[in-house]
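Residue-level listing of the chains:
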Amino acid sequence: MSVPRRRFEELTSSLAKAGLEDVELYTKEGRSRRIELVPSSRPGRRVEQGLEVRSEEAGWAVRAGGRRGSIFTCGTGTPPADGPWPDARGEPLQLPPLRQPPTPRVEATLAPLIVESEALGRLERFERALAEEVPGARLVRAVVDDGLSEARLRSTRGIDCVQRNRAAALLLEVVSGDVRRAAQLAARAAVEFDFEAQARRFATLLTLGREPSAETSG
């Protein structure tokens with residue numbers, strides 16, 4: 001996902017020709033996937049299909065300077081290797097040197113985003129488990145959001161840091177008779193959601209919702 005080292009070296013070489021020897025490059029890329037349930041109206045089939053929306057984003061920012069001054073510029077997509085760069089202005093910029101060499105580390109690998117077939121299969125299992133607990137209960141809306149991003153900071157002073165993040169959200173809405181319940185959950189990744197456990201939770205909420213309150217039961 002991140003900019004190759006060769007592109008970074010080309011970028012710093014281009015900036016050095018403009019008198020900007022100290023360079024920091026920040027890049028960030030992200031991908032997300034939303035899968036929304038379309039309930040089926042056909043008997044014996046609960047999930048008709050899923051509406052899937054995918055999005056990708058990428059951006060970058062460069063801070064560079066030298067004795068002539070400094071620049072800050074940014075954009076979307078991949079940073080250019082050879083500019084054009086704005087004119088250096090203001091105070092000179094000099095990045096602080098590293099106090100000690102960076103410690104080599106193994107970069108964490110993130111699991112792929114959930115695919116439509118897997119998400120729909122999990123939602124179907126949720127509905128089956130819910131119907132076993134509360135006959136007649138059904139899922140009327142479900143939205144699965146799954147995303148990941150990678151940010152990287154590089155500099156001509158030897159810094160090369162990577163941060164990878166994952167986030168997922170799940171929205172479920174069910175009905176049983178005239179009782180409707182909804183819940184929104186968060187997790188590190190969509191594959192971590194326990195749909196069977198959520199079916200038991202909703203069964204409790206639906207059952208409590210149909211029971212008369214203490215004020216009206218006597």
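Structure's up top.
About the thresholds
Residues numbered from 1 in each chain as written. Predicted model: local features only at pLDDT ≥ 70, side-chain atom pairs only at ≥ 80, totals over all residues. Heavy atoms only, no water. Helix = DSSP H or I, 4+ residues; strand = E, 2+ residues; numbered from the N terminus. Buried < 20%, exposed > 50% of the residue type's maximum accessible area, 1.4 Å probe, protein only. Pairing = 2+ DSSP bridges. Phe/Tyr/Trp six-rings, centres within 6.5 Å; stacked < 30°, edge-to-face > 60°.

(A) Spatial organisation of the environment of Leu37. Within the fold, Leu37 resides in strand 1 (residues 22–39). Given a relative accessible area of 5%, Leu37 falls into the buried group. As a C-alpha pair, Leu37 and Arg141 span 104 residues in sequence and 6.2 Å in three-dimensional space.

(B) Spatial organisation of the pairing of strand 5 (residues 160–176). With 16 bridges joining them, strand 4 (residues 138–155) and strand 5 adopt antiparallel strand pairing. Bridging from a neighbouring strand, Ala151 pairs with Gln163 of strand 5. The loop that links strand 4 with its antiparallel partner strand 5 comprises four residues; one of these, Gly158, has a positive phi angle of about 100°. Linking strand 5 back to strand 6 (residues 179–187) in an antiparallel pair, the connection comprises two residues, with Gly177 at a positive phi of about 65°.

(C) Structural detail: the packing of aromatic side chains. Tallied over the full model, the rule gives two aromatic pairs. The interplanar angle of 85° and the centroid separation of 5.9 Å between the aromatic rings of Phe126 and Phe202 together place this pair among those described as edge-to-face. On the criterion of sequence distance, the pair formed by Phe126 in helix 2 (residues 116–133) and Phe202 in helix 3 (residues 195–210) is long-range, its members being 76 residues apart. Accessibility expressed as a relative area gives 0% for Phe126, which makes it buried. Ring centres of Phe193 and Phe195 lie 6.5 Å apart, and the angle between their planes is 80°; this geometry places the pair in the edge-to-face category.

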